[in-house]
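Chain and residue survey
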Amino acid sequence: MSHSAVVSQAGAVSVSIGNERSLRRSVFKQNNSISFNSKSWSSSLAMNQKTTNVRDAKRYTNRTICMSVQQTSSSKVTVSPIELEDPKDPPLNLYKPKESYTAKIVSVERVVGPKAPGETCHIVIDHDGNLPYWEGQSYGVIPPGENPKKPGAPHNVRLYSIASTRYGDFFDGKTASLCVRRAVYYDPETGKEDPSKNGVCSNFLCDSKPGDKIQITGPSGKVMLLPEKDPKATHIMIATGTGVAPYRGYLRRMFMEDVPNRTFGGLAWLFLGVANTDSLLYDDEFTKYLKDHPEHFRYDKALSREEKNKKGGKMYVQDKIEEYSDEIFKLLDNGAHIYFCGLKGMMPGIQDTLKRVAEERGESWDLKLSQLRKNKQWHVEVY
């Protein structure tokens, strides 16, 4: 999911490595005083790897790796390096626009069906362990070429929510994934595509090929970090479209990965709003969690072009929220965290719904919202 111009499998993914040393093995030396916020940390960590450090995308494609978003199994996956759990504070801005990191594209996969309006891609990026991040953070991407508004200068950074856990889709701490919708502009008069006005960065990413270089900044962001002090907490996640990106990372951490001393025993409740069934993102993963962890996961979809709300209009995510409003308010009263991620336009409708429900309950929404923010239960990232 992209911010600014265009802004994260019940059970596990099966990883078969053949005779090579397992990606799952911890490959780093113990260090209990790790601090993320310096490049020397990530560089020295990468230097300490005991496995062969192959620096191109073939490291992955030459192995039999069943990690497609369509494939899951029932047991959890061992992750490494576990030292990624050691730092007490999240990594922030390890690489900045003037000193960006050169990563490589591992894969680009279309993840919507033929009837989806537009194209959305799942993009795996190889950072070789040099650009660590936490769930809920974002990477900045600098597309190649010249900024048309500043001749001779590079393009501005586009921020994208990371759609994987800190261990990446290969569970080895060396990749990050993005969920990107291709931004295409159609002339309102002719109805034809105008490539000159298409989104520069989203098209660059969706058109990328394995091995292509990509300039990355970050990681950035604190507001969407997953609070983990209470393993029995409730997390209500609301997304439109690619805003589901950070939640994919949350849910893989909760239900797919075997992280020592991290057993989720609370409730994760995902509300996802998209146009139609073909537009659903990571639906197989989420449906599998629902099957394997029904006591800890709930999943509600709002399909605006296929479903009607109770008033006969299109079903949007705020309509689903209203449907379960009493339960949601009770959970919030008991300390639940609530997250919003997606298009900026989603918030007014959601806020209006929550305000109306609060008033029907005899509460002041303004006071309630103020209290939720004060208690750090309210997390919003829209673009």
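The name given to the protein chain in an unreviewed UniProt entry is Ferredoxin--NADP reductase, chloroplastic, and the organism recorded there is Camelina sativa. Regarding the protein chain, the UniProt comment filed under Subcellular location (unreviewed entry) reads as follows: "Plastid, Chloroplast".

1. Considering the overall build of the protein chain
Along the backbone of the protein chain there are nine helices and 14 strands. The proportion of buried residues among the 383 residues of the protein chain is 55%. As displayed, the protein chain has an accessible area near 17400 Å², and 49% of this comes from carbon and sulfur atoms.

2. A short note on the pairing of strand β11 (residues 267-274)
In terms of residue burial, β11 counts as a mostly covered element, since eight of its eight residues are buried. Of the pairings in the sheet, the one linking strand β9 (residues 234-240) to β11 comprises seven bridges and is parallel in character. Along β11, the bridge assignment pairs M237 with L270. Strand direction decides the pairing type here: β11 and strand β12 (residues 297-303), joined by seven bridges, are parallel. Across the sheet, residue V274 finds its bridge partner in β12, namely L303. Regarding the hand of the β-α-β motif, the stretch spanning β11, helix α5 (residues 283-292) and β12 is right-handed.

3. Some thoughts on the sheet that holds β11
Pairing is parallel across the open sheet formed by five strands, whose spatial order is β12-β11-β9-β13-β14. Single-partner strands in this sheet number two, and they are β12 and β14 (378-382). Strand-to-strand twist in this sheet, taken as the mean axis angle between neighbours without regard to direction, amounts to 10°. Of the pairings in the sheet, the one linking β9 to strand β13 (residues 337-342) comprises five bridges and is parallel in character.

4. Some details on a positive patch on the surface
Judged by side-chain charge, R181, R305, K308 and K314 come together as a positively charged surface patch. Within the secondary structure, R305 sits in the loop between β12 and α6 (317-323). Assessed through its relative accessible area of 57%, R305 is described here as exposed.

5. A few points about the pattern of salt bridges
For side chains bearing opposite charge, pairing can occur when the charged atoms are close. Applying the stated rule across the entire model yields 25 salt bridges. Its salt-bridge partner being D333, residue K368 comes within 2.4 Å of it at the nearest N-O pair. Separated by 35 residues along the polypeptide, K368 in helix α9 (residues 365-374) and D333 in helix α7 (residues 325-333) bring together distant segments of the chain. With a relative accessible area of 10%, K368 lands in the buried category.

6. Some thoughts on helix α4 (residues 245-255)
The buried fraction of α4 is high, at eleven of eleven residues. Of all the positions in α4, only A245, P246, Y247, R248, G249, Y250, L251, R252, R253, M254 and F255 are classed as buried.

7. A closer look at the nonpolar core
Grouped together as the largest cluster of nonpolar side chains are 38 residues, with contacts concentrated most on V244, Y247, L251, L270, F286 and F297. In terms of residue count, α4 provides more of this core than any other element does, six residues in total.

8. Focus on the environment of L272
Following the sequence through the fold, L272 ends up in strand β11. Placed 35 residues apart in sequence, L272 and M237 show a C-alpha to C-alpha distance of 8.2 Å.

9. Some words on the confidence of the model for the protein chain
When pLDDT drops low, the exact placement of atoms in the prediction is not to be read closely. Put simply, the protein chain has an average pLDDT of 84, and 81% of its residues get 70 or more. Across residues 4-35 the pLDDT falls below 50, and counting only partners more than four positions away or on other chains, this stretch makes 123 contacts in the model. Counting contacts from residues 38-59, a segment whose pLDDT is below 50, to residues more than four positions away or on other chains yields 43 contacts.

10. Remarks on the side chain of H127
Mapped onto the fold, H127 is located in the loop between β4 (120-126) and β5 (138-142). When residues no more than four places from it in sequence are discounted, the contact partners of H127 are Y101, A103, Y133, Y139, G173, K174, T175 and A176.

11. Regarding the state of the cysteines
All chains considered together, the criterion is met by zero disulfides. You can see C206 has no disulfide; the closest cysteine sulfur is in C121, sitting 3.6 Å from it. Taking relative accessible area as the criterion, C206 reaches 8% and is therefore assigned buried.

12. Considerations on the packing of α4 against α5
Closest axis-to-axis distance for the α4/α5 pair is 11 Å, and the angle between their directions is 35°. In terms of crossing hand, the pair formed by α4 and α5 is left-handed. For the pair α4 and α5, contact is made by R248, L251, R252 and F255 and by E285, F286 and Y289, respectively. Along the lines of polarity and charge, the residues of the contact of α4 with α5 split into four nonpolar, no polar and three charged.

Rules used in this analysis
Residues numbered from 1 in each chain as written. Predicted model: local features only at pLDDT ≥ 70, side-chain atom pairs only at ≥ 80, totals over all residues. Heavy atoms only, no water. UniProt positions renumbered as here; feature names shortened; annotations may be inferred. Helix = DSSP H or I, 4+ residues; strand = E, 2+ residues; numbered from the N terminus. Buried < 20%, exposed > 50% of the residue type's maximum accessible area, 1.4 Å probe, protein only. Areas by Shrake-Rupley, 256 points an atom, 1.4 Å probe, with all protein chains shown as cover. Pairing = 2+ DSSP bridges. Right-handed = clockwise from strand over helix to strand, strands pointing away. Axes fitted to C-alpha atoms, helices over the stretch in contact; angles between N-to-C directions. Patch = residues over 30% accessible without salt bridge, like charges linked within 9 Å, V, L, I, M, F, W, Y side chains within 5 Å. Salt bridge = Lys/Arg side-chain N within 4 Å of Asp/Glu carboxyl O. Lys, Arg positive; Asp, Glu negative; His and termini not counted. Charge placed at Lys NZ, Arg CZ, Asp CG, Glu CD. Core = buried A, V, L, I, M, F, W, Y, C linked by side-chain atoms within 4.5 Å. pLDDT = per-residue confidence, 0-100. Contact = heavy atoms within 4.5 Å. Disulfide = S-S within 2.5 Å. Left-handed = near helix turned anticlockwise from the far one by under 90°. Nonpolar A, V, L, I, M, F, W, Y, C, P; charged D, E, K, R; others polar.

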